[in-house]
Amino acid sequence: MGNEEGVKEVFVKGIFLVNMLGGTSPAVLLEGGDGLVMPIHIGQAEAVSIDTVIRNETLPRPMTHDLLVSILERMEVEVDSVFIDDKIDNVYYARLVLNNGGKRMEFDARPSDCIAIALRKGARIMISEDLIISDAVSKDLLKGARSLSLY
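A. Main features of a nonpolar patch on the surface. Taken together, the side chains of L67, L68, I71 and M75 define a hydrophobic patch exposed on the protein surface, amounting to about 360 Å² of accessible area. Note that M75 resides in the loop between α2 (64–74) and β4 (78–88).

B. The arrangement of helix α1 (residues 44–54) in detail. Of all the residues in α1, the buried ones are E46, A47, V48, S49, I50, D51 and T52. Looking one or two residues beyond α1, the residue adopting positive phi is N56, at roughly 55°.

C. Inspection of the pattern of salt bridges at higher detail. Here the structure, examined in full by the defined rule, presents twelve salt bridges. Ionic pairing is found between K13 and E31, a salt bridge with its closest N-O pair at 3.5 Å. With K13 in strand β1 (residues 7–20) and E31 in strand β2 (residues 23–32), this pair connects stretches of sequence that are 18 residues apart. Look at K13 and you get partly exposed, because its relative accessible area is 45%. Judged by relative accessible area, which is 18%, E31 ranks as buried. Here R124 ties to D80 by a salt bridge, and the two come within 4.0 Å at their closest N and O atoms. Remark: D80 occurs in strand β4 and R124 occurs in strand β7 (residues 124–128); sequence separation between them is 44 residues. D80 gets classed as partly exposed once you look at its relative accessible area, which sits at 34%. Here the salt bridges do not stand alone but share partners, grouping D85, R95, R104 and E106 into one network.

D. Fine view of α2. Taken together, the buried positions of α2 are occupied by H65, V69 and L72. The buried residues of α2 all sit within an arc of 60° when viewed along its axis, so they share a single face. In this structure, α2 carries T64 and R74 as exposed residues pointing more than 90 degrees from its buried face. Tucked into the core, α2 has its buried residues touching α1, β4, β5 (91–100) and α3 (111–121). Of the residues one or two after α2, E76 is the one with positive phi, at around 60°.

E. Seen up close, the pairing of β4. Pairing of β4 with β5 involves nine bridges; the strand directions are antiparallel. Note that in β5 the partner of E78 across the bridge is N99. Between β4 and β5, which pair antiparallel one after the other, the connecting turn spans two residues, and D89 there sits at a positive phi close to 50°. Of the strand pairs in this sheet, β4 and β7 are connected by four bridges, and their pairing is parallel. If you follow I84 over to β7, its bridge partner there is I127.

F. Local environment of the packing of α2 against α3. Across the interface, α2 lies against α3 with an axial gap of 10 Å and an inter-helix angle of 55°. Judged on the interaxial angle alone, α3 and α2 are oblique. Relative to α3, the crossing made by α2 is right-handed. Contacts between α2 and α3 involve H65, D66, L68, V69 and E73 on the former and, on the latter, D113, A116, I117, R120 and K121. When the residues that make up the contact of α2 with α3 are grouped by side-chain class, the tally is four nonpolar, one polar and five charged.

G. Seen up close, the side chain of K8. Mapped onto the fold, K8 is located in strand β1. For K8, a relative accessible area of 14% translates into the label buried. A polar contact of 2.4 Å, which involves the side chain of K8, links it to the side chain of D34. Excluding residues within four positions of it along the chain, K8 makes contact with D34, L36, I125, M126, I127, E129 and I132.

Conventions we followed
- For every chain, the first residue of the written sequence is number 1, and numbering continues from 1 along that sequence.
- Local features in this predicted model are restricted to residues of pLDDT 70 or higher, and side-chain atom pairs are both shown and tallied only at a pLDDT of 80 or more, whereas totals for entire chains, interfaces and linings draw on every residue.
- In computing side-chain values, all of the structure's heavy atoms are included and hydrogens and water are not.
- For patch building, the residue pool is restricted to those with more than 30% relative accessible area and no salt bridge; the joining distance is 9 Å between like charges and 5 Å between nonpolar side chains (Val, Leu, Ile, Met, Phe, Trp, Tyr).
- Note on areas: these come from Shrake-Rupley sampling with a 1.4 Å probe, and a residue is covered only by the protein chains present in the view.
- Should a side-chain nitrogen of Lys or Arg be within 4 Å of a carboxyl oxygen of Asp or Glu, the pair is scored as a salt bridge.
- What counts as a helix is a DSSP run of H or I of at least four residues, what counts as a strand is a run of E of at least two, and both are numbered from the N terminus.
- Each residue gets one of three labels from its accessible area relative to the maximum for its type: buried under 20%, exposed over 50%, partly exposed in between, using a 1.4 Å probe on protein chains only.
- As used here, the arc is the angular range of directions from the helix axis to the C-beta atoms.
- Residues count as neighbours in contact if any of their non-hydrogen atoms are within 4.5 Å of one another.
- The pairing criterion is simple: DSSP has to find at least two bridges between the two strands.
- Lines fitted to C-alpha atoms define the axes here, with helix axes fitted over just the stretch in contact, and angles between the N-to-C directions of these axes take values from 0 to 180 degrees.
- Working definition: roughly parallel below 35 degrees, roughly antiparallel above 145 degrees, roughly perpendicular at 65 to 115 degrees, and oblique for all remaining angles.
- Take the far helix as the reference: if the near one is turned anticlockwise from it by less than a right angle, the crossing is left-handed, and if turned clockwise, right-handed.
- In this count, Pro and Cys sit with the nonpolar residues alongside Ala, Val, Leu, Ile, Met, Phe, Trp and Tyr, while Asp, Glu, Lys and Arg are called charged and the others, Gly among them, polar.
- Each polar contact in these results corresponds to two N or O atoms within 3.5 Å; when the atoms are within protein, one needs to be able to donate a hydrogen and the other to accept it, and residues that are neighboring in sequence are counted only if both atoms are side-chain atoms.

Interpretation note: all reported values are geometric properties and have no functional meaning in isolation.
As C-alpha cells, this is what we get:
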C-alpha cells in the first residue's frame, strides 16, 4: 500500500481541542511529509486513547485499543498498516490492514480506532493523497487549537 500511486504516509502531530460551532471538539491532527495537515474530529474516548500513546503513558487498566492489540499479539497477527481512504457525508472511512501468517486481511473501521491501534504497534498510517489534499487546512487556522490535556 505504501508504494501505491495516490497514497501517502502521514504522521500523528497530536490531539487538539478545536473550536467548532460554539464548543470544542477533540481532533487528531495528521501531517504529511510535505507539510500538509488534516484534522479528523474524533470522540473523547478515542482522543484519550491516542493521547496516552503519544505521551507514552500507561493507564491503570487497559483501554479497548490495548485489549485489541493484546488479543492480536497473542494470536500472532501483525498490524501492517491503516488506510484512510474515503469521506462520505463528512464521515471519514478507514481500513485496518492485518497480516496473519502471510494472509492479508482488511477490516472497515473508524480512523480514530485505526490510528490508536497503529500507534500502539508502530504501524504506518496511510491516506489517500486526494483526500488529504482536499481536506488539508492551513497551519495558521490551527493556532487557536489547544493541545489536549484530559488528566
